[in-house]
Amino acid sequence: MRVSPEAHEHAHSSFRAALRERVISIRTMNRPLRLVTGLAVAWLVAAALLIALRDHGPQGPRVSVYVVDNQLVTLSLPVLVASIVLLSMGWAYLLTGAVHAHWAIRLAGLGLFTWAMWQEGLVAGDGWAALSWAMLGGIWVVAALAHLYDLRQRRRGRDERTHLTRLVLVTFGSIFLLAGGLYAVAWLSLRGSAPILFTEIFTTQLTTVSVVLIPLLLVAGVDFADFSELTSDFVARTMARARANAAWLLLGAVGLGALATVGWQVWSFRRHLDLLGQELATAVVALLLVALVVWAVRLGRGERRFARHVPYAAIAVLAILSFTVTWLYLFLPANAAASRPRQDLSRIDATLTPYNHDGRLTFSVEHPQFWETKVAVDQPDGITIVDFDGVSSGDPAFMEVVTGAPGQFPTTTAALTTLLVSLSSPTGPLRGQTPYLASATQDGGWEAFDVRALPDAGLAPVRGTLWTRMDGGRVWILFGYTFDTDFAYNQPGFVAVAHSWQPSVRTEPAAAAASDTGASDRALAVELGSIAVIAAALVLWARRRQGPRSRGGVATAALFAGVVAVTFVAAVPGDLLRLATGSTHGLVGLHLEGIQTVAGVAALAWIGWMLARRRAAQSTAPLVALGTLLLGLQILAWIYQLFSGAQDASGRFSVAAAIILVLAFLWDIAMSGETITNGGNRWIPRHARVSLYFGYVMLVVANILYFSSLRFPGGTQVEAQFESDSWVQGGMIELGVPLLLTVFAVAIGRWWHERAAAGLPSQAEVAA
Amino acid sequence: MSAARRARLLAAAGVAGACVLAGCGSSSPPPVSTPSPVAAPTLPPGSDTYPAVDTPIGQAPAAMAATWRQYGVTLIPGHSTVDPSAQWPRTIDASGGALTAAEVAAAGAAVMRTQVVATWADENRQIALEPHLMNAPFLLGTSGVALAEGTSVHTPPCGEYPTDIKVHAPSASARDALVKAGQNIGSTAIPVEMGFAGPCTVTGTTRDGRTVTVDTLPAGRIVAMVELRDDPVLGSIARLDAATSCGDPAVAGICSGA
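About the criteria used
- Residues numbered from 1 in each chain as written.
- Chains lettered and ligands numbered in written order.
- Predicted model: local features only at pLDDT ≥ 70, side-chain atom pairs only at ≥ 80, totals over all residues.
- Heavy atoms only, no water.
- Helix = DSSP H or I, 4+ residues; strand = E, 2+ residues; numbered from the N terminus.
- Buried < 20%, exposed > 50% of the residue type's maximum accessible area, 1.4 Å probe, protein only.
- Areas by Shrake-Rupley, 256 points an atom, 1.4 Å probe, with all protein chains shown as cover.
- Salt bridge = Lys/Arg side-chain N within 4 Å of Asp/Glu carboxyl O.
- Pairing = 2+ DSSP bridges.
- Axes fitted to C-alpha atoms, helices over the stretch in contact; angles between N-to-C directions.
- Contact = heavy atoms within 4.5 Å.
- Parallel < 35°, antiparallel > 145°, perpendicular 65-115°, else oblique.
- Left-handed = near helix turned anticlockwise from the far one by under 90°.
- Nonpolar A, V, L, I, M, F, W, Y, C, P; charged D, E, K, R; others polar.
- Disulfide = S-S within 2.5 Å.
- Expected span 1.5 Å × (residues − 1).
- Phe/Tyr/Trp six-rings, centres within 6.5 Å; stacked < 30°, edge-to-face > 60°.
- Lys NZ or Arg CZ within 6 Å of the ring centre and 35° of its normal.

### Re the overall build of chain A
In terms of helices and strands, chain A carries 22 helices and 11 strands. Expressed as a percentage of its 768 residues, the buried residues of chain A come to 53%. If you sum the accessible surface of chain A, you get close to 32,300 Å²; carbon and sulfur atoms cover 64% of it.

### Examining the pattern of salt bridges
Where charged atoms from two side chains of opposite charge come close, those side chains can pair. Counted under the stated rule, the structure contains 8 salt bridges over all chains. For Arg175 of chain B, the salt bridge identified is with Asp176 of chain B, shortest N-O distance 3.9 Å. For Arg175 of chain B, a relative accessible area of 23% gives the class partly exposed. Here Asp208 of chain B ties to Arg210 of chain B by a salt bridge, and the two come within 3.2 Å at their closest N and O atoms. What you see here is one network of salt bridges that share partners, running through Asp450, Arg452 and Arg463 of chain A.

### Quick word on the sheet that holds strand β3 (residues 91–94) of chain B
Residues and elements named next belong to chain B. Read from one edge to the other, the open sheet built from 5 strands follows the order β3-β5-β6-β9-β10, with strand pairing classed as mixed. Two strands bound the open sheet, and with one partner strand each, they are β3 and β10 (235–245). The mean inter-strand angle of the sheet, taken between neighbouring strand axes irrespective of direction, is 30°. On the sheet, helix α4 (residues 101–123) packs against β3, β5 (164–168), β6 (190–196), β9 (220–231) and β10 and is oriented at approximately 80° with respect to β10.

### Overview of the packing of helix α3 (residues 77–99) of chain A against helix α21 (residues 686–707) of chain A
Residue and element names in this part refer to chain A. Relative orientation of the contacting elements α3 and α21 amounts to 160°, with a least axis distance of 7 Å. The angle between α3 and α21 falls in the class roughly antiparallel. Note on packing geometry: the crossing formed by α3 with α21 is left-handed. Of the residues contributing to the contact of α3 with α21, the split by class is 20 nonpolar, 6 polar and no charged.

### Observations regarding the side chain of Thr55 of chain B
All names here are of chain B. Mapped onto the secondary structure, Thr55 falls in strand β1 (residues 55–56). By relative accessible area, which is 14% here, Thr55 ends up buried. Not counting the four nearest positions on each side in its chain, Thr55 is found in contact with Ala60, Leu75 and Ile76.

### Considering the state of the cysteines
Residues and elements named next belong to chain B. Counting across every chain of the model gives 2 disulfides over all chains. What pairs with Cys158 in a disulfide is Cys200, and their sulfur atoms sit 1.7 Å apart. Since a negative S-S torsion denotes a left-handed disulfide, the Cys158-Cys200 link at about 85° is right-handed. Highlighted residues: Cys158 in helix α7 (residues 157–160) and Cys200 in strand β7 (residues 200–205), separated in sequence by 42 residues. Using a relative accessible area of 24% as the deciding quantity, one classes Cys158 as partly exposed. Assessed through its relative accessible area of 0%, Cys200 is described here as buried. Between Cys246 and Cys255 runs a disulfide, and the two sulfur atoms are separated by 1.9 Å. For the disulfide bridge between Cys246 and Cys255, the dihedral angle about the S-S bond is near -75°, and by the sign convention the bridge is left-handed. By the burial criterion, Cys246 is buried, and Cys255 matches it.

### A closer look at unusual backbone geometry
One non-glycine residue, Arg125 of chain B, lies in the positive phi region at around 55°. Turning to its location among the elements, Arg125 of chain B is positioned in the loop between α4 and α5 (136–139).

### Observations regarding α3 of chain A
Between its terminal C-alpha atoms α3 of chain A stretches 32 Å, which fits the 33 Å expected from 23 residues at 1.5 Å a residue. Taking burial as the measure, the 23 residues of α3 of chain A include 18 buried ones, the bulk of the element.

### Comments concerning the sheet that holds strand β8 (residues 211–217) of chain B
Whether parallel or antiparallel, the strands of a sheet pair through hydrogen bonds between backbone atoms. Residue and element names in this part refer to chain B. What the 3 strands build is an open sheet, ordered β4-β7-β8; its pairing is antiparallel. Both edges of this open sheet fall to β4 (152–154) and β8, since each of them pairs with a single strand only. When the angles between neighbouring strand axes are averaged without regard to direction, this sheet yields 25°. Where β4 meets β7, 3 bridges bridge the pair, whose relative direction is antiparallel. Opposite Val153, over in β7, you have Gly204 as the bridge partner.

### Quick notes on the environment of Gly96 of chain B
All names here are of chain B. Looking at the secondary structure, you find Gly96 in the loop between β3 and α4. The exposure class assigned to Gly96 is exposed, which follows from its relative accessible area of 80%. Considered as a pair, Gly96 and Ala169 are 73 residues apart in the sequence and their alpha carbons are 6.9 Å apart.

### Section: the packing of aromatic side chains
Residue and element names in this part refer to chain A. Inspection of the entire model under this criterion finds 22 aromatic pairs over all chains. Arranged with centres 5.9 Å apart and planes meeting at 55°, the rings of Tyr355 and Phe363 form a pair that is tilted. Grouping residues by exposure puts Tyr355 and Phe363 together as buried. Three or more aromatic residues link up through ring pairs in this structure, and these residues are Tyr93, Phe172, Phe176, Tyr693, Phe694 and Tyr696. The aromatic ring of Trp267 is capped on one face by Arg270, whose charged end is 3.8 Å from the ring centroid.

This is the structure we're talking about:
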């Protein structure tokens, strides 16, 4: 069989056109804009080098950053300086973009920046305040001058705004110096009295910035899916271009790929084939739901053409809106609660889950489920210690359940003295603290002590509650502690553990679990709800009569949002069942592996069907789509695993992960043309877009560099507070996989429509 | 040091060793902190921070009250409590020339000031003051629990005032041995040998007015590892890092005068 030369050429030029659309166009930039772009790329590469070389070669002097776990966290001075420069550049890019955009964006940008600097304490106090405010005022003056220049030029009839591009460098340079000056003034004002306060404030600001960056990182994850789709599409089309035996070659390649995919998944699940079966069962339900979405957006009808690519705006809206809604719903009330007076503080907002210690020694407690459980010591004839650790989840709380064998401790006093002395010993977690018993009360069968501590200089005071009792000849001690500043928040968690203690294992579900869905459950429900609402709104919009140009984009966006919602639902059926019915019977969700298996089985079934009907020649277009999907999913899975593999055993941010992410941003920059950097409009002209975009890139890189370089004494890496890799992985799965599925669905829909229109299968399928 | 603290120390030292072997004191830590410096309008540096007699903080001059409020007290000890008295024992120079006579005298006075302030704090339930004077093992035990329960702990003179004080030269070997046993001892600590008469009964008055026995202490000699400090509020004190009986091999060389 043969494929026409026209089809070959179409396929090839289609790929080239797609690439040309997406790649950032340096050629069409003027000189200042090229310089701005080059500067950003240069700093990106410099940051990658700093990350790669930070643990090698001569080490620069280290700077104290903050204290955690009674240990001083430090950072290399060159990295701190580079981080400040990157952050200042990030602000300069963002503000330059805002200053050169619509006046509303200009005002919003400047207002937000001013507020952020003041709120985070970077506007110095005392004698330095005037200088700080002068710097901030200077930024406003630069913005005002740029605006006046713009007005003047327009009055002279220069409405095309190209004159502003000349101002880009001037504004950027001025704002960079002023923003950097703000950090310099803050440092100088604190250098004498509390230098560590500067690094703490800087850390807090970067942390706040990182929260805002999360949706953008999700979108960066989608870029990998975009890369996968583009690459696999190119490969599939290249095979289809072969003049001789093209269809057979394609059929064989896709068949082998599908067979390998299915075979690999079966091999991976060989000891848990039931789980794979459940994934496939969930996939069937998901396919039905996708079919519903396809029907709703009228994919199979000929009245509407779908855009070949998912509009970038749809991806951004889904990432930003769903995250923002979730974040506002989840974190703002928690922040408000934390800032209320102590007597008004709400209880720790968490689902309680039981811990059963079952063996020769039995007992049970309920604890906040996000506190990790660890049996530190288990000696039924000696001491048993079980730890409940909120630290790894970001909650500064730690609780220990300690018991000694009957007779080991004659009194509760001896036991609590032993414990507290040991904890505050030079090797204990409370080293540097002098704990004492501030007061005691009776709490049911327990005697509860308020434990305070006097810290050594430079350490934050710790506070806790310690419960003691004798039961069956055994001393029992439950000790929950945290930093004094976090005590009010965590104390209800400690109390919940103590009050739930019983000397036997419990069989009933956690009392609170049934009634309290918990923060994570609510976040799940809110995120899913917001995605479903966005999808429904887009579907309704797509079904309305619209212009042919916008209609395709909206319809594809609606299909994409629908697929995102369906894959989200399919991933968490167990949680949804629990939310709906309270049942804790776990259901296996649909994961990337399940989707790959389904795609592989579908490809094999299609090939089998075509072979049975001896019509392999007519299967080219669906085969290209299936091959693209299979290869795209596999590339995405590899990149996902690359990220996971690049983390070290403790899940911390490794050098490799940092480099991969920086490379990802280089790819992101290269492919930003169609969506951001090649276009422009009245609200945000091209030079403003480019500045805003590089501002985002610089802020992310500053965060990566800074948080991945923090060290404990001895060189141990501090657990990453900015898990940029996790969010990118989340973007790959939550948005990237649906993107591949959407592109596949659009390709199949187009083939179906063209096939119906032609009346017969034809070689035009290749162009699908 | 008070006799009650001697007993607490010995008990704590024993169980601390056991606990280290059993793995008490998980290495898992509490996490991120944001320490913030605290500043308050207080007496100028170098001022006399003590009133003439014990004074409730609400009745003290504003700057003095602010100074002591940082230490969490409700009652301020007066000169009548902390100043040297006839009961203070003589200090003997056992440093072998490592310390000057003035240093030895200052160390003895600091030890006794710490001793009387700590005993006064026990008596008046000023628990928050005590961590400034000594390490955790001395703050816990039966006296620590009694104080937390609101009991006023009375240490009789046999427990408060040693019969003699000998100031020794710093001993790295003794310090190392005690640190290995899990004690927190500063690098500048010096050993101070003290003798106590006994047996000595430490009693308490509970919140409901009952008199209880808190502890009974035998007579004996101990070595305390103290750090001399010029505390901005308490003045010259000897912060008590650790102590052990003269029978402890770690300090046997010191007690024997070797």
